[in-house]
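Coordinate analysis (summary)
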Amino acid sequence: GAVVSQHPSWVICKSGTSVKIECRSLDFQATTMFWYRQFPKQSLMLMATSNEGSKATYEQGVEKDKFLINHASLTLSTLTVTSAHPEDSSFYICSARDYSGLGGETQYFGPGTRLLVL
Amino acid sequence: QKEVEQDPGPLSVPEGAIVSLNCTYSNSAFQYFMWYRQYSRKGPELLMYTYSSGNKEDGRFTAQVDKSSKYISLFIRDSQPSDSATYLCAMTSSGGNKLVFGAGTILRVKS
């Protein structure tokens, strides 16, 4: 149980295009999902907290117009990187909080999406 | 000072060794503690979740929490080459707050 999927697993795009990443909780409902960014050999950096049916809460320094987050259902959140540039190239990982399982404070992570902007 | 301190390693051990991974923290409000394993180019995988002080065992893994010392540990018995990965500690206070991660420790188990 507590499986989170992400799609696509990797994407290469041209500078200036927009890229959408999907995050799904497969066997539980997630009212709260999180989006992280991870650079090589570094820990995870929280970008935003996504709550179903409401606006996302962005961490300081994260441009909300650049990284659009939509959490339209209890099992799906999307991250859209708008007008992507090479500096946006990174590993993006989502997670979901499962309140029905071990405890409401733990998060289950997706497999990640590797974005390369040329 | 970071809220959570974790030695990044790398930690290199022979196969079969007992591995000890540790984190210290400064925020006494942290109540929930987790250990994640992350293989290269993959998302973190939840290994252990603990709430109270004391030990919790799951197979070859034992998580230990000492709230009085603000210190948590993960022990891996009979380590295997497949255990080679980065181990992240994470913690949070109650009320649905965000997780705070350690830097991650790179573990290498040599056969």
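Everything below is about the structure shown above.
This one's a predicted model, so the numbers in the text were calculated from it and none came from an experiment. (Residues numbered from 1 in each chain as written. Chains lettered and ligands numbered in written order. Predicted model: local features only at pLDDT ≥ 70, side-chain atom pairs only at ≥ 80, totals over all residues. Heavy atoms only, no water.)

**Some points on the side chain of A:Glu59**
The cut-off we apply is this: Secondary structure follows DSSP: runs of H or I at least 4 residues long count as helices, runs of E at least 2 residues long count as strands, and numbering of each begins at the N terminus. The definition of a polar contact used here is a pair of N or O atoms within 3.5 Å, where within protein one atom must be able to donate a hydrogen and the other to accept one, and adjacent residues in sequence count solely through side-chain atom pairs. We call two residues in contact whenever any of their non-hydrogen atoms come within 4.5 Å of each other.
Secondary-structure assignment places A:Glu59 in the loop between strand S6 (57-58) and strand S7 (67-73). One polar contact links A:Glu59 to B:Lys98, side chain to side chain, over a distance of 2.6 Å. If near-sequence neighbours (up to four positions away) are discounted, A:Glu59 is found in contact with A:Leu46, A:Met47, A:Ala48 and B:Lys98.

**Things to note about the environment of A:Arg37**
Residues and elements named next belong to chain A. Note the following rule: Categorising residues by exposure relies on relative accessible area from a 1.4 Å probe, with only protein chains included: less than 20% of the type maximum marks a residue as buried, more than 50% marks it as exposed, and the intermediate range marks it as partly exposed.
Note on placement: Arg-37 falls in strand S4 (residues 32-38). Here Arg-37 falls in the buried class, since its relative accessible area comes to 9%. For the pair Arg-37 and Arg-114, spaced 77 residues apart in sequence, the C-alpha to C-alpha distance is 9.9 Å. Of note is the side chain of Arg-37, whose polar atom sits 2.7 Å from the backbone oxygen of Glu-87.

**Re the interface of chain A and chain B**
The cut-off we apply is this: Buried area counts how much accessible surface, traced with a 1.4 Å probe, disappears from two parts once they are put together, with both parts' losses summed. Within this document, salt bridges are pairs made up of a side-chain nitrogen of Lys or Arg and a carboxyl oxygen of Asp or Glu, the two lying within 4 Å of each other. Throughout, the ten residues Ala, Val, Leu, Ile, Met, Phe, Trp, Tyr, Cys and Pro are labelled nonpolar, Asp, Glu, Lys and Arg are labelled charged, and all others, Gly among them, are labelled polar.
Taken together, the contacts link 19 residues of chain A with 22 residues of chain B. The contact between chain A and chain B buries some 1600 Å² in all, and 58% of this surface belongs to carbon and sulfur atoms. Where chain A meets chain B, there are 1 salt bridge. A:Glu59 serves as the salt-bridge partner of B:Lys98, at 2.6 Å between the closest nitrogen and oxygen. Listed by contribution, the elements that provide at least two residues to the side of chain A that touches chain B are S4, strand S9 (90-97) and strand S10 (107-109) of chain A. Tallied by class, the residues present in the side of chain A that touches chain B amount to 9 nonpolar, 6 polar and 4 charged.

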